[in-house]
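Breakdown of the fold
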Amino acid sequence: MLETIEQTKTKKTDAAEELNAMRDELINLANAAKANKIPVIITIDGWSAAGKGSQIAKLIKFMDPRFYNVEAIRTPNVVELRKPWLHRYWQKLPKQGEFLILDGSWFRDTVNAYMYGEISKTEYKKRIDDINTFERQLADDGYLIIKFFLHITKDEQQERLKKLVSSEITKWRVDDHDIINSDNYSAFFKKYDKTLCRTNTSYAPWHIVPANNKVTAQFSIMMTVTNAIKAACAAKENGGKFEEKPEFPVIDYKPEKFKTVKTRKLKEIDMDKSLTEEEYARKLDKYQEKLFKLQNICYQRKIPVIIAYEGWDAGGKGGNIKRVASALDPRGYEVKPIAAPEPSELARHYLWRFWTRLENDGHFTIFDRTWYGRVMVEPIEKITPQERADMAYQEINEFEKQLTDWGAVVIKFWINIDKEEQYRRFKERENTPAKQWKITDEDWRNREKWDEYETAVDRMVKLTSTEFAPWTIVEGNDKKYARIKALKTICKRIEERLGI
């Protein structure tokens, strides 16, 4: 891709009139993107000293600062390194109708990190797959992704770096990585080009900007941005989906297929499981003590543990979580109760609120309800179109695969009770003053849709019980049995991960 780029020179006077017109148009287009609830992500990558910062400054000069955010992406800090590598990008996702402009991006975190010896070749290849998956998930959710690579020649780069270093005011802007980038221009050229080709997709194509001449670069960026936003708004208003016209051949991207394990339908589960008080007390002490020790080993080895709870209303998730949490060092876990999404959460990709709730490596994150609401509650309650919800099975498997690639143990529970037991617990809550807050009209309304939910759960378990993140169906009619099974399962999964 890079070898096809010709450096051209545009005079400022020749471009001034058209640039002014595009700036005025961009103001209106930003308002149109807001009105159409289109989130826009613009990434500016390129060579060291290619002028990324100055081009961003020119792009945003006339935009409303209330509706954009500029982030400079540098080498991950200590805190960021304790999260999955894409975490910091999920965290920065703009809301619908807003702009995120990145000075550097996941491209930098991949190719430059590899060239600077920060990641291995295997990790580099895995990140390429992660990038294509990440961008596809965002594009499917309505995000407009505009990617730029600012290309300058070796002579131009050396001249710019020399000029920066010669001034006391600007020499701080040149670091060791910039020197490595310049001294190894040919090697970086090959790796940049290969990475650009591998991440050039129909839904997020690259725009290579000849940047030896700053006016030429500004003109190219401004024209591309305005054309893309204009087309995206027109597609949204006409009820269609916008895809940029690629300038270069795109890769034949196909989402990874995940192997699932054999599962059973809820009706096939033997619910006649119980423990005596004596058995329960003995096993509770045994597995809580074991879990406490395992938590300490996970902390030392920086292995994250993610426990996801789903189940029927009144299934006993809260009591189950309480017995797990009480076994853990409180400094090393967080319980994340998931309610109906807030407006700021609804305005972003549905996985955003789960990515942003992940604890550091070595810690436990316990979710009381999860990302699986996307394939259960939302389509049944007509919150999300069935077609979009169906896409979530693949997205969820990808999410959980990225968590396990990070090193996490992902443990998923469906707390199962039968319809009669749910009714008994509902009535008990209604008749017990201290528990009345637990029962709502919505619980009774959801119960009327029992068959729909059961069908959805069976499908969910079948399609997302992968080898790396299998489901465990917990027989929950007897709360004591359910609590011990969950504790035992958590201990077993962690022991398998630790190899002990």
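To be clear, the structure that these remarks concern was listed above.
From a predicted model like this one, the values you see are computed outputs, not experimental measurements.

1. Points about unusual backbone geometry
Of note in this structure, A49 is not a glycine but carries a positive phi near 70°. Mapped onto the fold, A49 is located in the loop between β1 (40–46) and α2 (52–60). Residue A49 is classed as partly exposed on the basis of its relative accessible area, which comes to 22%. Here the phi dihedral of R369 falls at roughly 80°; this positive angle occurs in a residue that is not glycine. With respect to the helices and strands, R369 occurs in the loop between β8 (364–368) and α14 (377–380).

2. Considerations on the environment of G315
Its location among the elements puts G315 in the loop between β6 (305–311) and α11 (317–325). Sequence separation between G315 and V209 is 106 residues, and the spatial gap between their C-alpha atoms is 57 Å. Residue contacts for G315: discarding those within four places in its chain leaves I415, I417, R425 and G476.

3. Some remarks on the packing of helix α4 (residues 108–115) against helix α8 (residues 185–198)
Relative orientation of the contacting elements α4 and α8 amounts to 150°, with a least axis distance of 10 Å. With respect to their mutual orientation, α4 and α8 come out roughly antiparallel. Viewed along their axes, α4 and α8 form a crossing whose handedness is right-handed. Here V111, N112, Y114 and M115 of α4 come into contact with α8, specifically with A187, F188, K191, Y192 and T195.

4. Focus: the state of the cysteines
Under the definition given, this model contains zero disulfides. Here C298 is not disulfide-linked; the sulfur of C491 is the nearest cysteine sulfur, at 10 Å. For C491, a relative accessible area of 1% translates into the label buried.

5. Looking at a positive patch on the surface
A grouping of K121, K125, K194 and R198 is seen on the molecular surface, where their side chains present a positively charged patch. Where the positive patch is concerned, the elements lending two or more residues are α5 (121–140) and α8. Within the secondary structure, K121 is located in helix α5.

6. Observations regarding the packing of aromatic side chains
Summed over all chains, the structure comprises 28 aromatic pairs. For the ring pair F107 and F149, a centre distance of 5.7 Å and an interplane angle of 70° mean the geometry is edge-to-face. Of this pair, F107 sits in the loop between β3 (99–103) and α4 while F149 sits in strand β4 (residues 144–151), and the two are 42 residues apart along the sequence. You can call F149 buried: its relative accessible area is 0%.

7. As for helix α15 (residues 386–406)
Helix length check: α15 (21 residues) gives 31 Å between terminal C-alpha atoms against 30 Å at 1.5 Å per residue, within 8%. Its axis deflected by about 30° at Y393, α15 carries its strongest bend there. Once α15 ends, the next one or two residues include G407, with phi positive near 115°.

8. Comments concerning the sheet that holds strand β9 (residues 409–416)
Reading across from one edge, β7-β8-β6-β9-β10 is the order of the five strands in this open sheet, with parallel pairing throughout. Strands at the two margins of the open sheet, each flanked by one partner only, are β7 (333–337) and β10 (471–475). The mean angle between the axes of side-by-side strands here comes to 20°, regardless of whether they run parallel or antiparallel. Strand contacts of α11: β6, β7, β8 and β9, with the helix running at about 160° to β6, the strand carrying the most contacts.

9. A few points about the sheet that holds β3
Read from one edge to the other, the open sheet built from five strands follows the order β2-β3-β1-β4-β5, with strand pairing classed as parallel. Of all strands in the sheet, those bounded by a partner on one side alone are β2 (68–72) and β5 (206–210). Taking the axes of each pair of neighbouring strands and ignoring which way they run, one obtains an average angle of 20° across the sheet.

10. Looking at the pairing of β10
Here β10 lies mainly inside the structure; five of its five residues are buried. As paired elements, β9 and β10 share five bridges and run parallel to each other. Bridge assignment links I415 to a residue of β10, and that residue is V474.

11. Description of the pattern of salt bridges
Under the counting rule described, the total for this entry stands at 43 salt bridges. The salt bridge partner of R369 is D313, with a shortest N-O separation of 2.9 Å. Taken together, the positions of R369 in the loop between β8 and α14 and D313 in the loop between β6 and α11 put the pair 56 residues apart, joining distant regions of the chain. Measuring nitrogen to oxygen at the nearest pair gives 2.8 Å for the salt bridge that ties D405 to K401. Here D405 pairs with K401, and both are found in helix α15, just four residues apart, close to one helical turn. Here K401 falls in the partly exposed class, since its relative accessible area comes to 21%.

Basis of the calculations
Residues numbered from 1 in each chain as written. Predicted model: local features only at pLDDT ≥ 70, side-chain atom pairs only at ≥ 80, totals over all residues. Heavy atoms only, no water. Helix = DSSP H or I, 4+ residues; strand = E, 2+ residues; numbered from the N terminus. Buried < 20%, exposed > 50% of the residue type's maximum accessible area, 1.4 Å probe, protein only. Contact = heavy atoms within 4.5 Å. Axes fitted to C-alpha atoms, helices over the stretch in contact; angles between N-to-C directions. Parallel < 35°, antiparallel > 145°, perpendicular 65-115°, else oblique. Left-handed = near helix turned anticlockwise from the far one by under 90°. Disulfide = S-S within 2.5 Å. Patch = residues over 30% accessible without salt bridge, like charges linked within 9 Å, V, L, I, M, F, W, Y side chains within 5 Å. Areas by Shrake-Rupley, 256 points an atom, 1.4 Å probe, with all protein chains shown as cover. Salt bridge = Lys/Arg side-chain N within 4 Å of Asp/Glu carboxyl O. Lys, Arg positive; Asp, Glu negative; His and termini not counted. Charge placed at Lys NZ, Arg CZ, Asp CG, Glu CD. Phe/Tyr/Trp six-rings, centres within 6.5 Å; stacked < 30°, edge-to-face > 60°. Expected span 1.5 Å × (residues − 1). Bend = angle between axes of the 7 residues up to and from the residue. Pairing = 2+ DSSP bridges.

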